[in-house]
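Commentary on secondary and tertiary structure
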Amino acid sequence: AQTVTQSQPEMSVQEAETVTLSCTYDTSESDYYLFWYKQPPSRQMILVIRQEAYKQQNATENRFSVNFQKAAKSFSLKISDSQLGDAAMYFCASLTIQGAQKLVFGQGTRLTINP
Amino acid sequence: DVKVTQSSRYLVKRTGEKVFLECVQDMDHENMFWYRQDPGLGLRLIYFSYDVKMKEKGDIPEGYSVSREKKERFSLILESASTNQTSMYLCASSLSGQRNEQFFGPGTRLTVL
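Here the structure is a predicted model, which means the values were calculated and not measured.

A separate point is the overall build of chain B. If you tally the helices and strands in chain B, you get zero helices and eleven strands. Against the compact-globule benchmark of 13 Å for 113 residues, chain B has a radius of gyration of 13 Å, which places it among compact chains. Its C-alpha atoms give chain B principal-axis dimensions of roughly 40 × 30 × 25 Å. Relative to its 113 residues, chain B shows a buried fraction of 49%.

On to the pattern of salt bridges. Residues and elements named next belong to chain B. For the coordinates displayed, the defined rule picks out nine salt bridges over all chains. Among the ionic pairs, Lys 18 bridges to Glu 79, the shortest N-O distance being 3.5 Å. Of this pair, Lys 18 sits in the loop between strand S2 (10-13) and strand S3 (19-25) while Glu 79 sits in the loop between strand S8 (73-78) and strand S9 (87-94), placing them 61 residues apart in sequence. A relative accessible area of 45% places Lys 18 in the partly exposed class. In this structure Glu 79 comes out as partly exposed when scored by relative accessible area, which is 44%. The residue Arg 36 makes a salt bridge to Asp 38 at a minimum N-O spacing of 2.9 Å. Per residue, the accessibility class of Arg 36 equals that of Asp 38, and both read buried.

Moving on to the sheet that holds S3(B). Residues and elements named next belong to chain B. Strands sit in the order S1-S3-S8-S7 across an open sheet of four strands; the sheet is antiparallel. In the strand order of this sheet, the two ends are held by strand S1 (4-6) and strand S7 (65-70), each with one partner. Between one strand axis and the next, the sheet turns by 20 degrees as a mean value, whatever way the strands run.

As a further point, take the state of the cysteines. Using the criterion set out here, one finds two disulfides over all chains in the structure. One disulfide in the model links Cys23(A) with Cys92(A); its S-S distance is 2.0 Å. One disulfide, between Cys23(A) and Cys92(A), carries an S-S torsion of -70 degrees and so falls in the left-handed class. In this pair, Cys23(A) is assigned in the loop between strand S3 (19-21) and strand S4 (24-26) and Cys92(A) in strand S10 (residues 88-96), connecting sequence segments 69 residues apart. Across this residue pair, the class does not change: Cys23(A) and Cys92(A) are buried. Paired through a disulfide, Cys23(B) and Cys91(B) show a sulfur-sulfur distance of 1.8 Å. Taking the sign of the torsion about the S-S bond as the criterion, the disulfide between Cys23(B) and Cys91(B), at about -75 degrees, is left-handed. Taken as a pair, Cys23(B) in strand S3 and Cys91(B) in strand S9 lie far apart in primary sequence, 68 residues in all. In this pair, the class of Cys23(B) matches that of Cys91(B), namely buried.

Tallying the contact residues gives 26 residues for chain B and 22 residues for chain A. Taken together, the two surfaces of chain B and chain A that pack against each other cover about 2000 Å², and 49% of this comes from carbon and sulfur. Joining chain B to chain A, the criterion identifies zero salt bridges. For the pair chain B and chain A, the number of links is three residue pairs in polar contact (both at pLDDT 80 or more). Residue assignment for the side of chain B that touches chain A shows that the elements contributing at least two residues are strand S4 (31-38) and strand S5 (42-49) of chain B. A breakdown of the residues in the side of chain B that touches chain A according to their chemical character gives twelve nonpolar, ten polar and four charged.

About the criteria used
- Residues numbered from 1 in each chain as written.
- Chains lettered and ligands numbered in written order.
- Predicted model: local features only at pLDDT ≥ 70, side-chain atom pairs only at ≥ 80, totals over all residues.
- Heavy atoms only, no water.
- Helix = DSSP H or I, 4+ residues; strand = E, 2+ residues; numbered from the N terminus.
- Rg over C-alpha atoms; globule rule 2.2 N^0.38 Å.
- Buried < 20%, exposed > 50% of the residue type's maximum accessible area, 1.4 Å probe, protein only.
- Salt bridge = Lys/Arg side-chain N within 4 Å of Asp/Glu carboxyl O.
- Pairing = 2+ DSSP bridges.
- Axes fitted to C-alpha atoms, helices over the stretch in contact; angles between N-to-C directions.
- Disulfide = S-S within 2.5 Å.
- Contact = heavy atoms within 4.5 Å.
- Buried area = accessible area lost by both parts, 1.4 Å probe.
- Polar contact = N/O pair within 3.5 Å; in protein donor to acceptor, adjacent residues only side chain to side chain.
- Nonpolar A, V, L, I, M, F, W, Y, C, P; charged D, E, K, R; others polar.

Bear in mind that shape data such as this cannot, by itself, settle questions of function.
What follows is the structure in structure tokens.
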């Protein structure tokens, strides 16, 4: 069975600084996808970034990038130039190709941006 | 833009009541999902559906059932609500295919007294 672990329940960062959110996962599959979702306060969950396991290159979306270490089963999210609007719960999730199209989520990390 | 709507943002029910949570998506997505979100536990899958009248149990289906009579609508049913079902419930939908992202509704915060 897949598991996803986020060991940081809360993180904070100064506005304009860089922060890294950690995520580790466990799967016996060789092919899978990894995701970071963002849930702002009282707003809908949205996809931040996606990584295909077969791609060695780390995914990047503007100020958001990942550090994907397949051997270590680690998938951290780096947010550069943090903005007040980045304050949210962040969830790491995994999905295997072989299994049903089900996401397995981590526990979440609450990110606070200090002005 | 994909829009996923849920019938209520907040709901208060009494123990033993039958509760219906409705979810509607407007982008002709094949897949629909129901999750519950609890602090420290993240999101856990209750049920999902690949097509009309199709349903599959997720990780925590006990105490819940679902209905998908039309492609755009996926209902979560609590046959006899209990206090341990107090939670945030999130609906999501996606196109068929593993790399397709799931789009989430705003959530329903259910309180069972």
